[in-house]
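Residue-level structural notes
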Amino acid sequence: MEGRYNAAYSSENVNVELGGEKGSGAGGAGGDGGAGGGSVEHKNGGGLRSMSFEGGGSTLSAHNINYTVKIKGKCCATEDKQILHNVTGIFKPGMSAIMGPTGSGKSSFLDVLAGRVDQDLVQGHLLLDGHPVPENFKCMVGYVVQDDVVMGTLSVRENFAFSAALRLPSSVKASERKERVNQVIKELGLQKCADTKVGNEFIRGVSGGERKRCNIGMELIISPPVLYLDEPTTGLDANTANTVLLFLKRLSRRGRTIIFSIHQPRYSIYRLFDSLMLLSAGHTVYHGPAKEALTFFKEQGFLCHEHNNPPDFFLDVINGDPTVIQMEVVDEDDLAEAEAVGQHDNLVDAFKKSTWNSNLQTEANQILSGFESRGGKNGEALEKIDYATSFGTQVRVVAGRSVRNIVRNPQTSVLTTLTSIFFAVIISAIFWQLDEDPVKGFSDRSGVLFFLVMNQLFLNMSAVEIFIHERAIFMHENISGFYRVSVYFLVKVFCDILPLRLLPVAITSVIVYFAVGLNNTAEAFFQFAFALVCVSMTASSLCFLISSTIRVFAVAQLSLALCYVLMMLFGGFLINLESIGVWLNWAKYFSIFKYGLAALYSNEFKGRTFCNHNGTICKTGETFLDEQEVDYDTTWDFWQNYVALIVYAIILLILTYVQLRRMKKHK
């Protein structure tokens, strides 16, 4: 049976189209000797450094890798948990698979290889072609995450163009970027759907396999020396998964070094692997040619029976499945004894003593000796990888995508605008041309102003989804070196808060102000609109902060609603602020309601006299302001509420930016 699988595995029997045209330009996506043929320039403090990946790709080697993480223990204490134990591996151009049971550490090892973990928690050496990987190594390699992280409102070509505009150096001409995009589209077989939107929950887009290839293409744009994929077949049916892996095989035969974690592939996928690493509880069980794995297990006494899938067989053995027994076990007593044997320890020890490990250690030691002969950590090292484009270029490209996304996915903004119109009409109908009788006028006018503030706060709850919905895309693109955190933050502020929040305010102000009959002067109208703008900006800033802190949408919405309810209680409308105890009265300074209402109250009531129809009862607006504890004597008293809202919004935005900066972008 072993011979049957090995013969079927032979690369000559793998029916994959290996053709391709030679790449051109600055690091063509395709070419002889590799889709990574050509060169990629990385900008750093010393200028531009060109890295050539022609002819055979790169070799990545990991030497005695230990990886330990901090986990929460009892009583909120933290304790160390070692994920990887002295793992050594060499990954050459070709298809290198990392397999293992759940919790074996395969995804963690992939992240270590890609430089996507906290390096303070990693011990050992990671070398690229015998040299230590540079700082920010994660920015120069390609990493395809398990979940899709492409903008669904853009077409495949537009997503590739976005990656090219940000990840290729400014020295690469626009025509060369366009050519690179076209080459990657051709290389991945996406010509038919190149101008089709990828798709999201509102837009029907490309198929699952095409979407996965689109994710891969985003990384291939820079012709990375190594391409990593975390569970590339997740969420795909068997046929689509096989198609995606066939494309990866095609890339590897052109010189790509492709490393991926995978769980239990079917045999048609397994036969595409060049190299296989099997992990169990963070230890290496096997690392060598994939077609020789069955031989290793046979030498340990485990035979893969006919019609059994080798990957399933490997995991069954590693997990100690009692239905997979050693060949010498012949009766029930022997079976019970076999179950009691620590299968994990036996396999780990067997690999350490095997010729596969001996060959691995010999080659690894040669690479490590060359590294140490050049001075080790204190010797030659690749320079730090920096962003390929300038701050201004990043702002322009990211802002362009954001605007295009809003235009093509207008559901939220349109719904917000329609809701604003609806509530404005309802408020106008209820409070139409208010009477200036001081008995009813004060309460009615304060009521409409309260509902306007509340309307602005709750309408802006749609902003809470901004960072939650795009969290995966932002984290992946930032860690991969697409753009700076500050760029993404500024684009969201100026492309979301300002345009999408100002339009509903303008509509509400125009409809309500004159229909209700508020202070009928031009100056008062613009001050009224400005107050609502300040309230809307502050509310959106609070939404941004909560959405950048809480990753679950339902929890974020509940937290925001709780904040609004508390602010409403301390806003001065439902209860006089003097009635609140001193020990709790300080909370009013954190209420958007308080500042918004005070600004609108001053604008509406200051300097006005309200009388009934026959003029027998008259009261000044200052009387109401005194009852509401609103200061109005000086110009500063009038503007302090506007300033407070603006400062409030700025502080919230600063905290949002800090949270985005400190957001955990590695595992």
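Conventions used here
- Residues numbered from 1 in each chain as written.
- Predicted model: local features only at pLDDT ≥ 70, side-chain atom pairs only at ≥ 80, totals over all residues.
- Heavy atoms only, no water.
- Helix = DSSP H or I, 4+ residues; strand = E, 2+ residues; numbered from the N terminus.
- Buried < 20%, exposed > 50% of the residue type's maximum accessible area, 1.4 Å probe, protein only.
- Contact = heavy atoms within 4.5 Å.
- Pairing = 2+ DSSP bridges.
- Axes fitted to C-alpha atoms, helices over the stretch in contact; angles between N-to-C directions.
- Phe/Tyr/Trp six-rings, centres within 6.5 Å; stacked < 30°, edge-to-face > 60°.
- Lys NZ or Arg CZ within 6 Å of the ring centre and 35° of its normal.
- Patch = residues over 30% accessible without salt bridge, like charges linked within 9 Å, V, L, I, M, F, W, Y side chains within 5 Å.
- Areas by Shrake-Rupley, 256 points an atom, 1.4 Å probe, with all protein chains shown as cover.
- Salt bridge = Lys/Arg side-chain N within 4 Å of Asp/Glu carboxyl O.
- Core = buried A, V, L, I, M, F, W, Y, C linked by side-chain atoms within 4.5 Å.
- Polar contact = N/O pair within 3.5 Å; in protein donor to acceptor, adjacent residues only side chain to side chain.
- pLDDT = per-residue confidence, 0-100.
- Lys, Arg positive; Asp, Glu negative; His and termini not counted.
- Charge placed at Lys NZ, Arg CZ, Asp CG, Glu CD.

With that out of the way, let us pick up the overall build of the protein. Counting secondary structure elements, the protein contains 24 helices and 14 strands. Burial statistics for the protein: of 667 residues in total, 54% are counted as buried. Intrachain contacts of the protein at a sequence separation of at least 6 include 75% that bridge at least 24 residues.

On to the sheet that holds strand E3 (residues 60-72), then. Taking strand neighbours across the sheet as the criterion, the four strands line up as E4-E3-E6-E7 in an open arrangement whose pairing is antiparallel. Each edge of the open sheet carries a strand with a single partner, namely strand E4 (78-91) and strand E7 (131-132). The pairing of strand E6 (residues 122-128) with E7 spans two bridges and is classified as antiparallel. From the neighbouring strand, leucine 127 faces E7, where its bridge partner is proline 132. Against the sheet, helix H2 (residues 106-113) touches E3, E4 and E6, its axis set at about 70° to E4. Lying on the sheet, helix H12 (residues 355-373) is in contact with E3, E4, E6 and E7; it crosses E4 at an angle near 95°.

Aromatic rings considered in pairs are described by the distance between their centres and by the relative angle of their planes. One pass over the full model with this rule turns up 42 aromatic pairs. On the basis of an interplanar angle of 45° and a centroid distance of 5.5 Å, the ring pair of phenylalanine 442 and phenylalanine 624 is categorised as tilted. Of this pair, phenylalanine 442 sits in helix H15 (residues 438-459) while phenylalanine 624 is found in helix H23 (residues 621-627), placing the two residues 182 residues apart along the sequence. Measuring from ring centre to ring centre gives 4.5 Å for phenylalanine 474 and tyrosine 488, while their planes differ by 25°; the resulting arrangement is stacked. Here phenylalanine 474 is found in helix H17 (residues 471-479), whereas its partner tyrosine 488 is found in helix H18 (residues 485-516), with 14 residues between them in sequence. Residues phenylalanine 474 and tyrosine 488 agree in their burial class; the two are buried. Pairwise contacts between aromatic rings join Phe260, Tyr267, Tyr270, Phe273, Tyr286, Phe296, Phe297, Phe313, Phe314, Phe351 and Trp356 into one cluster. The ring of tyrosine 143 carries arginine 116 above its face, with NZ or CZ at 4.1 Å from the centroid. Stacked on the ring of phenylalanine 162, the Lys or Arg arginine 401 has its end atom at 3.9 Å from the ring centre.

This next bit is on a nonpolar patch on the surface. Taken together, the side chains of Phe530, Trp636, Trp639, Val643, Ile646, Val647, Ile650, Ile651, Ile654, Leu655 and Val658 present a nonpolar region at the surface, about 950 Å² in accessible area. For the nonpolar patch, the element with the most residues is helix H24 (residues 635-662), which contributes 10 residues. Mapping valine 658 onto the fold places it in helix H24.

Let us now look at the nonpolar core. Counting 149 residues, the largest nonpolar core has Phe160, Ile216, Leu276, Phe297 and Leu449 as the members making the most contacts within it. Sorting elements by how many residues they give to this core places helix H19 (residues 522-549) first, with 13 residues. If near-sequence neighbours (up to four positions away) are discounted, leucine 276 is found in contact with Ala97, Met99, Tyr270, Tyr286, His287, Gly288, Ala290, Ala293 and Phe314. Membership of the second largest hydrophobic core comes to 35 residues, among which are Ala114, Leu126, Val149 and Ile385.

Looking at where asparagine 519 falls in the secondary structure, it is placed in the loop between H18 and H19. You can call asparagine 519 buried: its relative accessible area is 13%. A polar contact is formed between the side chain of asparagine 519 and the backbone oxygen of asparagine 603, at a distance of 3.2 Å. For asparagine 519, the residues in contact, after removing those within four places along its chain, are Tyr513, Ala524, Asn603, Glu604 and Arg608.

This next bit is on the confidence of the model for the protein. In this model, the protein carries a mean pLDDT of 81, and residues with pLDDT of at least 70 account for 85%. Of all the helices and strands in the protein, strand E2 (residues 47-52) carries the lowest mean pLDDT, 34, while strand E12 (residues 283-289) carries the highest, 94. Below pLDDT 50 for its whole length, residues 327-331 participates in six contacts with residues either more than four positions away or in separate chains. Confidence drops under a pLDDT of 50 for residues 335-341, and excluding neighbours within four residues, the segment shows six contacts in the predicted structure.

Our next topic: the side chain of serine 275. Among the structural elements, serine 275 can be located in strand E11 (residues 275-280). Since its relative accessible area comes to 14%, serine 275 is described here as buried. In this view, serine 275 contacts Met95, Ser96, Ala97, His287, Gly288, Pro289 and Ala290; residues no more than four positions away in its chain are not counted.

The buried fraction of E11 amounts to six of the six residues, a majority that puts the element mostly inside the structure. Of the two faces of E11, the one lined by Ser275, Met277 and Leu279 and the one lined by Leu276, Leu278 and Ser280 are each fully buried. Where strand E5 (residues 94-99) meets E11, four bridges bridge the pair, whose relative direction is parallel. Within E11, the position partnered with isoleucine 98 by the bridge is methionine 277. For E11 and E12, the ladder comprises six bridges, and the chain directions are antiparallel. Across the sheet, leucine 276 pairs through a bridge with glycine 288, a residue of E12.

With mixed pairing, six strands are arranged side by side in an open sheet as E8-E9-E10-E5-E11-E12. The open sheet has two free edges, formed respectively by strand E8 (142-144) and E12, since each of these has just one partner strand. Each adjacent strand pair in this sheet contributes to an overall mean axis angle of 15°, direction not counted. Those strands touched by helix H11 (residues 343-352) are E11 and E12, and its axis lies near 45° from that of E12.

Further remarks concern the environment of glutamine 264. Its location among the elements puts glutamine 264 in the loop between strand E10 (257-261) and helix H7 (267-270). On the accessibility criterion, glutamine 264 (40% relative accessible area) is partly exposed. Put simply, glutamine 264 and phenylalanine 314 are 50 residues apart on the chain and 9.4 Å apart in space, counted from C-alpha to C-alpha. Here histidine 263 takes part through its side chain, which lies 3.5 Å from a polar atom of the side chain of glutamine 264.

On the surface, a cluster of negative charge is contributed by Asp626, Glu627, Asp631 and Asp633. With respect to the element layout, glutamate 627 can be found in helix H23.

What follows is about the environment of phenylalanine 391. You can see phenylalanine 391 is positioned in helix H13 (residues 391-408). As for phenylalanine 391 and arginine 484, which are separated by 93 residues in sequence, their C-alpha atoms are 7.7 Å apart. Every residue in contact with phenylalanine 391, bar those within four places of it in the chain, is listed here: Arg484, Ser486, Val487 and Leu490.

The next point concerns the pattern of salt bridges. On inspection of all chains with the given rule, the structure shows 11 salt bridges. Residue glutamate 158 is joined to arginine 408 by a salt bridge in which the shortest nitrogen-to-oxygen separation is 2.6 Å. Note that glutamate 158 is positioned in helix H3 (residues 156-167) and arginine 408 in helix H13, a separation of 250 residues in sequence. The exposure class assigned to arginine 408 is partly exposed, which follows from its relative accessible area of 28%. Put simply, glutamate 187 and arginine 254 hold a salt bridge, and the shortest N to O gap is 3.6 Å. Within this pair, whereas glutamate 187 is found in helix H4 (residues 174-187), its partner arginine 254 is found in the loop between helix H6 (238-252) and E10, the two being separated by 67 residues in sequence. Classification of glutamate 187 as buried rests on a relative accessible area of 3%. Each of Arg445, Glu604 and Arg608 takes part in a single network of salt bridges with overlapping partners.

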